[in-house]
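Observations on the model geometry
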Amino acid sequence: MFDIVLACIIGVFCGVVTGLIPGIHVNTVGAFVFSASPFLLYSYSPEVLAVFLLSMSISHALLEFVPSMFLGVPEEGTVLSIMPGHHLLLQGRGKEAIRLVSLGGFGAMITTILLLPIFIVGLPFIYGLLKPYIWIILSLTVVYMLIRLSRDLNSVIWSSVLFIFSGIMGWVALNSPLSSSVSLLCLFSGLFGVSTLLHSLSQNSYLPPQNKDHHLEINEDIIRGIFAGGIAGSILGFLPGMGPAQGSLLAQELSGSSDSGSEREGFLVAMSGVNVSDALFSLIAIYLIGNPRSGIAVYVNQLLQGLDFNHLLIMIFASLTAVSISLVLCIKLGDWFSHSMEKINYEKLSWVVIVFMSFLVVLFAVMEQSNLFFVILTYITSIALGLLPHYLDINKSNLMGVLIVSAIVIYAGMV
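Residues numbered from 1 in each chain as written. Predicted model: local features only at pLDDT ≥ 70, side-chain atom pairs only at ≥ 80, totals over all residues. Heavy atoms only, no water.

The name recorded for the chain in an unreviewed UniProt entry is DUF112 domain-containing protein, from Methanobacterium subterraneum.

This is the structure in structure tokens:
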């Protein structure tokens, strides 16, 4: 048991590192650990390595919101959090935003575990029933969200155009000779990160002093966001073709969130919950339907040669431990970021982040021996497309077509 706890703690701190440093994905570290497993298994049990990987993925899922909100550097699971998180930050409510994220991740994990008996009984049957119709479910979800997130017919038209264009760009990039890591870095950095920062600079935005005290109140929207995150994250871990992109839309709908008022806070809670609960449920899906749903889940499945009930109990214990430690670390590091940001010129910081993200795109392209011209062209196009929602005054989540269109095409059997 001591080995399990120690592996959990070490995994959490490794997840902190991967979460806080933009461009480092938890699957990269997972691949390294798995490739070294033939040697590590001489000294450690498969359960210890599996707990390390799970704890790291949970910690990463929570801590990656810190650079996403404070620096505007997104990953697949945090892209939509930039909007409500950035809004709270510009109101001087950075500490509150971090606590909302921490509460969402922790609450969604508890929700997922409490609902586990229901999932065990019902999901294997539902999975077999729905699998052939995933593309229809995604398509109907997209149509509903395009209408719901738009003010009028003109907004619906422009939202549809941006959704389709981002989908085409995503399909081209993800089916190009570029590796998926380089493609996703280009797409998400341009569509949601750099474009958001450039628009803030054009509006002469600045980072106001952050409130030293937070005024977090648990209301109906936040509670609904916790449950929405837990349920949406569980659905992600269960259905093929559903990733953080689709989970973001699902969480937004389940939480009843809009782009204003306290509902924005509920959405931020739900977004965090999606990321964290998905980390656990991706493993639970192995136990229920034998289908690993993430890179980390694949590695764990290979190490344990499938999950039995005892493994499931160990993973639940490790998840509770990891999310509890991560909650404290997220709040402490978020507060430190909040204090440090006050002493920094926001305009200069924005340009530093833009240059840094651009450097990462080029660096990863060179390391992967990708076509540099195509990478830069994709990156610039993503930035341009990411700026359009700001000037058309439509919801930026419509750009999630960058992944959703590809999922619909694949699961509809069009390719």
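The subject of this paragraph is the overall build of the chain. When you go through the chain residue by residue, the secondary structure sums to 19 helices and zero strands. In the chain, the proportion of contacts linking residues at least 24 apart, taken out of those at least 6 apart, comes to 82%. When the accessible area of the chain is evaluated, it comes to approximately 17,300 Å², of which 69% is carbon and sulfur surface. (Helix = DSSP H or I, 4+ residues; strand = E, 2+ residues; numbered from the N terminus. Contact = heavy atoms within 4.5 Å. Areas by Shrake-Rupley, 256 points an atom, 1.4 Å probe, with all protein chains shown as cover.)

Turning our attention to the pattern of salt bridges. The full count for this structure, using the stated rule, is one salt bridge. Across the pair D335 and R99 runs a salt bridge, and its minimum N-O distance is 2.9 Å. Separated by 236 residues along the polypeptide, D335 in helix α16 (residues 309–342) and R99 in helix α7 (residues 94–114) bring together distant segments of the chain. (Salt bridge = Lys/Arg side-chain N within 4 Å of Asp/Glu carboxyl O.)

Bringing unusual backbone geometry into the picture now. Even without being glycine, D393 reaches a positive phi, approximately 60 degrees. Position of D393 relative to the elements: it lies in the loop between α18 (372–392) and α19 (401–411).

For V182, the position within the fold is in helix α11 (residues 180–202). The class for V182 is buried, based on a relative accessible area of 1%. In this structure the C-alpha to C-alpha distance between V182 and F364, which are 182 residues apart in sequence, comes to 6.3 Å. (Buried < 20%, exposed > 50% of the residue type's maximum accessible area, 1.4 Å probe, protein only.)

This next bit is on the packing of helix α9 (residues 134–148) against helix α10 (residues 153–174). Axes are the key here: two packed helices are described by the angle between their axes and the distance separating the axes. Running from N to C, α9 and α10 point in directions that differ by 135 degrees, and their axes come no closer than 9 Å. In terms of axis orientation, α9 runs oblique to α10. For the element pair α9 and α10, the recorded crossing hand is right-handed. Packed against α9, whose contacting residues are V142, L146 and I147, the element α10 presents V156, S159, S160 and F163 at the interface. (Axes fitted to C-alpha atoms, helices over the stretch in contact; angles between N-to-C directions. Parallel < 35°, antiparallel > 145°, perpendicular 65-115°, else oblique. Left-handed = near helix turned anticlockwise from the far one by under 90°.)

Residues Y133, W135, I136, I137, L140, I410 and Y411 make up a contiguous nonpolar surface patch of about 630 Å² in total accessible area. At the level of elements, α9 and α19 are the ones that each hand at least two residues to the nonpolar patch. Ranked by the residues each element gives to the nonpolar patch, the list is headed by α9, at four residues. Since its relative accessible area comes to 33%, Y411 is described here as partly exposed. (Patch = residues over 30% accessible without salt bridge, like charges linked within 9 Å, V, L, I, M, F, W, Y side chains within 5 Å.)

Taking 1.5 Å of rise per residue, the 15 residues of α9 would be expected to cover 21 Å, and the 21 Å separating its terminal C-alpha atoms lies within 8% of that figure. Within the sequence span of α9, burial applies to I134, L138, V142, M145 and L146. Each buried residue of α9 sits inside an arc of 100 degrees when the element is viewed along its axis, so together they form one side. Projecting away from the buried face of α9 at angles above 90 degrees are the exposed residues L140 and I147. (Expected span 1.5 Å × (residues − 1). Arc of directions from axis to C-beta.)

This paragraph deals with helix α4 (residues 46–63). Spanning 18 residues, α4 covers 26 Å between terminal C-alpha atoms, matching the ideal 26 Å at 1.5 Å per step. Along α4, 16 of the 18 residues are buried, which leaves the element largely enclosed by surrounding structure.

So, on to the side chain of S183. Mapped onto the secondary structure, S183 falls in helix α11. Among the polar contacts listed, one links the side chain of S183 to the backbone oxygen of A173, at a separation of 3.1 Å. When neighbours within four sequence positions are excluded, S183 is seen to be in contact with A173, L174, S176 and L178. (Polar contact = N/O pair within 3.5 Å; in protein donor to acceptor, adjacent residues only side chain to side chain.)

This part is about the nonpolar core. Membership of the largest hydrophobic core comes to 67 residues, with the highest contact counts inside it found for L53, I58, L283, V300 and M315. A total of 14 residues in this core trace back to one element, the largest contributor, which is helix α14 (residues 261–289). Excluding its chain neighbours within four sequence positions, the residues that come into contact with M315 are A50, V51, L54, L280, L283, L304 and L307. With 21 residues, the next largest nonpolar core counts L187, F188, M400 and L403 among its residues. (Core = buried A, V, L, I, M, F, W, Y, C linked by side-chain atoms within 4.5 Å.)

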